[in-house]
Amino acid sequence: MKPMPPERTEKQRALAEKGDPQAQYFMGVVTEEKEESNRWLQKAIANGSKGAAAYYAYRRDPRLEYFNNSARWHEDPDKNRRCWWPRSGLGEADQTEILGTIIAAAEAGEPQPATWLWQMVTGGTRLGSTLVNCKVTHPLLNSSDAPKWAEIAARGGNPWAQEELCWAYTGATMPQRVRAPEAEWGFQANPAKAFQWCSIAAQNNCARGANLHLAKLYEMGIGVEKSPALASYWRQRWNVVSPPNYGITSVNRPVCSAEQ
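So, a few notes on the structure that sits alongside this text.

Definitions and cut-offs
- Residues numbered from 1 in each chain as written.
- Predicted model: local features only at pLDDT ≥ 70, side-chain atom pairs only at ≥ 80, totals over all residues.
- Heavy atoms only, no water.
- Helix = DSSP H or I, 4+ residues; strand = E, 2+ residues; numbered from the N terminus.
- Buried < 20%, exposed > 50% of the residue type's maximum accessible area, 1.4 Å probe, protein only.
- Contact = heavy atoms within 4.5 Å.
- Polar contact = N/O pair within 3.5 Å; in protein donor to acceptor, adjacent residues only side chain to side chain.
- Expected span 1.5 Å × (residues − 1).
- Axes fitted to C-alpha atoms, helices over the stretch in contact; angles between N-to-C directions.
- Parallel < 35°, antiparallel > 145°, perpendicular 65-115°, else oblique.
- Left-handed = near helix turned anticlockwise from the far one by under 90°.
- Nonpolar A, V, L, I, M, F, W, Y, C, P; charged D, E, K, R; others polar.
- Phe/Tyr/Trp six-rings, centres within 6.5 Å; stacked < 30°, edge-to-face > 60°.
- Lys NZ or Arg CZ within 6 Å of the ring centre and 35° of its normal.

Comments concerning the environment of Leu217
Reasoning step 1: Tracing the sequence through the fold places Leu217 in helix H12 (residues 209-220).
Reasoning step 2: Residue Leu217 is classed as buried on the basis of its relative accessible area of 0%.
Reasoning step 3: Leu217 sits 26 residues away from Pro191 along the chain, and the two C-alpha atoms are 8.6 Å apart.
Reasoning step 4: In this structure Leu217 touches Thr170, Met174, Ala194, Phe195, Cys198, Ile222 and Val224, once residues within four positions along its chain are discounted.

And the structure:
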């Protein structure tokens, strides 16, 4: 869910009050007061919103307050507590129920649950520029599902997922430029998909690294006909949208959210 101007939020509220499940889901996400938020989500769920069901289930995690508190997150020396999964404080049955709800929503095309799953199965989570590696431990989570979840998230507009697909499908086709994704993630080097996702991601300033990826694809003719002029254009655009010393793998997006 991306932030909307107040007038559009009020429009969503009017639609929600008329029974629109997507508007009710939206109000459940943007409403800060928890009881009111839950009421909107429950209405959306009753009207068949899988996204609202996943969001409501995910919020049952007793650690979310901790996870969303960046100061506490950075101060805690126990990196294992920072992982998306497994969820401490939840029994096995509850974990399976929550994951099942999230998976059902992602398979229905909901980008937010797909984002959570993609980050879970690759065993990584990120806050700012800090990356923590976590092990996949639940039987419902398969590392080889990474491409499926990442593509659903990317199609839903997640700029981080778009950039990661740009990188993952480039893989070993760009020697000494881009490291290949972990083998267990199920990605295969695919020049056509690399160009597709780099082209999409590069349009978004929240996926700045894709500009350099796309420039290199044009320079080397990977997935597209060689074009020194377009390679130069995307390299120059990276210089415009990126701060000094910006790195491809050390991504800091102070105004962008990987969960949007």
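Details of helix H4 (residues 50-58)
Reasoning step 1: H4 sits mainly inside the fold: seven of its nine residues count as buried.
Reasoning step 2: When H4 is considered as a whole, its buried residues turn out to be Gly51, Ala52, Ala53, Ala54, Tyr55, Ala57 and Tyr58.
Reasoning step 3: Regarding H4, its N-cap is Ser49, as a side-chain oxygen of that residue lies 3.1 Å from the backbone nitrogen of Ala52 further along.

Structural notes on helix H10 (residues 159-170)
Reasoning step 1: Taking 1.5 Å per residue, 12 residues should reach 16 Å; H10 reaches 17 Å between its end C-alpha atoms and fits that length.
Reasoning step 2: Within the sequence span of H10, burial applies to Pro159, Trp160, Ala161, Gln162, Glu163, Leu165, Cys166, Trp167, Ala168, Tyr169 and Thr170.
Reasoning step 3: One side-chain oxygen of the residue at the start of H10 lies 2.9 Å from the amide nitrogen of Trp160, identifying that residue as Asn158.
Reasoning step 4: Positioned one or two residues after H10, Gly171 has a phi angle of 45 degrees, which is positive.

Re the packing of helix H3 (residues 34-46) against H4
Reasoning step 1: One can describe the packing of H3 onto H4 by two numbers: an axis separation of 8 Å at closest approach and a directional angle of 140 degrees. The orientation of H3 with respect to H4, classified from their angle, is oblique. Handedness of the crossing formed by H3 with H4: left-handed. Packed against H3, whose contacting residues are Asn38, Leu41, Gln42, Ala44 and Ile45, the element H4 presents Ala52, Ala53, Tyr55 and Tyr56 at the interface.
Reasoning step 2: Among the residues making up the contact of H3 with H4, the classes are represented as seven nonpolar, two polar and no charged.

A word on the packing of aromatic side chains
Reasoning step 1: Per the stated rule, a full pass over the model turns up eight aromatic pairs.
Reasoning step 2: Between the aromatic rings of Tyr55 and Trp116, the centroid separation amounts to 6.4 Å while the plane-to-plane angle is 25 degrees, which identifies the pairing as stacked. You can see Tyr55 sitting in helix H4 and its partner Trp116 sitting in helix H8 (residues 111-121), a full 61 residues away along the chain. The same class applies to Tyr55 as to Trp116, namely buried.
Reasoning step 3: Relative to Trp234, the ring of Tyr233 lies with its centre 4.9 Å away and its plane at 80 degrees, an arrangement referred to as edge-to-face.
Reasoning step 4: A connected cluster of aromatic rings, assembled from ring pairs, spans Tyr25, Tyr55, Tyr58 and Trp116.
Reasoning step 5: The ring of Trp40 has Lys43 sitting right over it, with the charged end atom 5.0 Å from the ring centre.

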